[in-house]
Amino acid sequence: EAGVTQSPTHLIKTRGQQVTLRCSPISGHTSVYWYQQALGLGLQFLLWYDEGEERNRGNFPPRFSGRQFPNYSSELNVNALELEDSALYLCASSPSTSLRRETQYFGPGTRLLVL
Amino acid sequence: AQTVTQSQPEMSVQEAETVTLSCTYDTSESDYYLFWYKQPPSRQMILVIRQEAYKQQNATENRFSVNFQKAAKSFSLKISDSQLGDAAMYFCAYKDTDKLIFGTGTRLQVFP
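The rules behind these values
Residues numbered from 1 in each chain as written. Chains lettered and ligands numbered in written order. Predicted model: local features only at pLDDT ≥ 70, side-chain atom pairs only at ≥ 80, totals over all residues. Heavy atoms only, no water. Helix = DSSP H or I, 4+ residues; strand = E, 2+ residues; numbered from the N terminus. Rg over C-alpha atoms; globule rule 2.2 N^0.38 Å. Areas by Shrake-Rupley, 256 points an atom, 1.4 Å probe, with all protein chains shown as cover. Lys, Arg positive; Asp, Glu negative; His and termini not counted. Charge placed at Lys NZ, Arg CZ, Asp CG, Glu CD. Phe/Tyr/Trp six-rings, centres within 6.5 Å; stacked < 30°, edge-to-face > 60°. Buried < 20%, exposed > 50% of the residue type's maximum accessible area, 1.4 Å probe, protein only. Disulfide = S-S within 2.5 Å. Contact = heavy atoms within 4.5 Å. Buried area = accessible area lost by both parts, 1.4 Å probe. Salt bridge = Lys/Arg side-chain N within 4 Å of Asp/Glu carboxyl O. Polar contact = N/O pair within 3.5 Å; in protein donor to acceptor, adjacent residues only side chain to side chain. Nonpolar A, V, L, I, M, F, W, Y, C, P; charged D, E, K, R; others polar.

1. Things to note about the overall build of chain A
Within chain A, the regular secondary structure consists of 0 helices and 11 strands. In chain A, the succession of helices and strands from N to C terminus is β-β-β-β-β-β-β-β-β-β-β. Here the C-alpha radius of gyration of chain A, 13 Å, is about what a compact globule of 115 residues would show, namely 13 Å. When the accessible surface of chain A is split by element, carbon and sulfur atoms take 51% of a total near 5,400 Å². The average position of the 10 basic charges and that of the 10 acidic charges among the side chains of chain A differ by 4 Å.

Right, dumping it as structure tokens:
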């Protein structure tokens, strides 16, 4: 069974630009989560999508946004990039979170460098 | 708000020995889930083990086991018969209704 996939693996952008990161969940999973792992800040929850809807977002500015498509894949968009957006962006998926017990499985991440 | 604390930034162990990584958390909830994830140099987060708070029995996965003390809000990971491939960052995580809340991680080095 294929795991969570993310693209691209690496990305270099300049300040002020916009970027789109993509994630495909494990087959059968309907929930997608985005996390940011920035140096010195640890892993921070960004966004949660389930059944095509944004269900929750972390403490990030509105220039971080995303969406989930009918096939449950997801995009994370970051506008007006700032230097501190440089980080590893991790996507995770799980079956529907109607049950709290569902485990999140992670993709390999996209490393974003903002110059 | 829930918090997760890993007080050991780095640990080391010799191959074939046993090591224990510590984790404490704070929550007012009674029903929740706890996880240990491993992040090797490849940066992929890999699930090691999980524990459901309503279960008193400690979870075990092969060489990995946990010591879950609900009253003390403690969730340590024991790695037995350590192998070179166990070298990685280990993150403890608490699962809220949706998101995971992570500790700051413990870097484990394994020496031959």
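2. Regarding the packing of aromatic side chains
All names here are of chain A. By the definition in use, this model includes 15 aromatic pairs over all chains. On the basis of an interplanar angle of 45 degrees and a centroid distance of 5.6 Å, the ring pair of Y35 and F106 is categorised as tilted. On the criterion of sequence distance, the pair formed by Y35 in strand β4 (residues 31-38) and F106 in strand β10 (residues 105-106) is long-range, its members being 71 residues apart. The same class applies to Y35 and to F106, which are both buried.

3. Remarks on unusual backbone geometry
Following S7(A), the chain continues into P8(A) via a peptide bond in cis, with omega recorded as -10 degrees. Here P8(A) lies in the loop between β1 (5-7) and β2 (10-13). Although it is not a glycine, Y72(A) sits at a positive phi angle of roughly 75 degrees. Its place among the elements puts Y72(A) in the loop between β7 (64-68) and β8 (74-78). For Y72(A), a relative accessible area of 27% puts it in the partly exposed group. Located in the positive-phi region is A16(B), a residue other than glycine, with phi close to 80 degrees.

4. Side note on the state of the cysteines
Residues and elements named next belong to chain B. Counted under the stated rule, the structure contains 2 disulfides over all chains. A sulfur-sulfur separation of 2.0 Å characterises the disulfide bridge that pairs C23 with C92. Handedness here is read from the sign of the S-S torsion; for C23 and C92, about -65 degrees, the answer is left-handed. Separated by 69 residues along the polypeptide, C23 in the loop between β3 (19-21) and β4 (24-26) and C92 in strand β10 (residues 88-95) bring together distant segments of the chain. Look at C92 and you get buried, because its relative accessible area is 0%.

5. Quick look at the interface of chain A and chain B
Residue-level contacts link 20 residues of chain A with 20 residues of chain B. Both faces combined, the contact of chain A with chain B buries some 2,000 Å², and carbon together with sulfur accounts for 52% of it. Across the contact surface, chain A and chain B share 0 salt bridges. Between chain A and chain B we count 7 residue pairs in polar contact (both at pLDDT 80 or more) in total. Across the side of chain A that touches chain B, the residue classes tally to 10 nonpolar, 6 polar and 4 charged.

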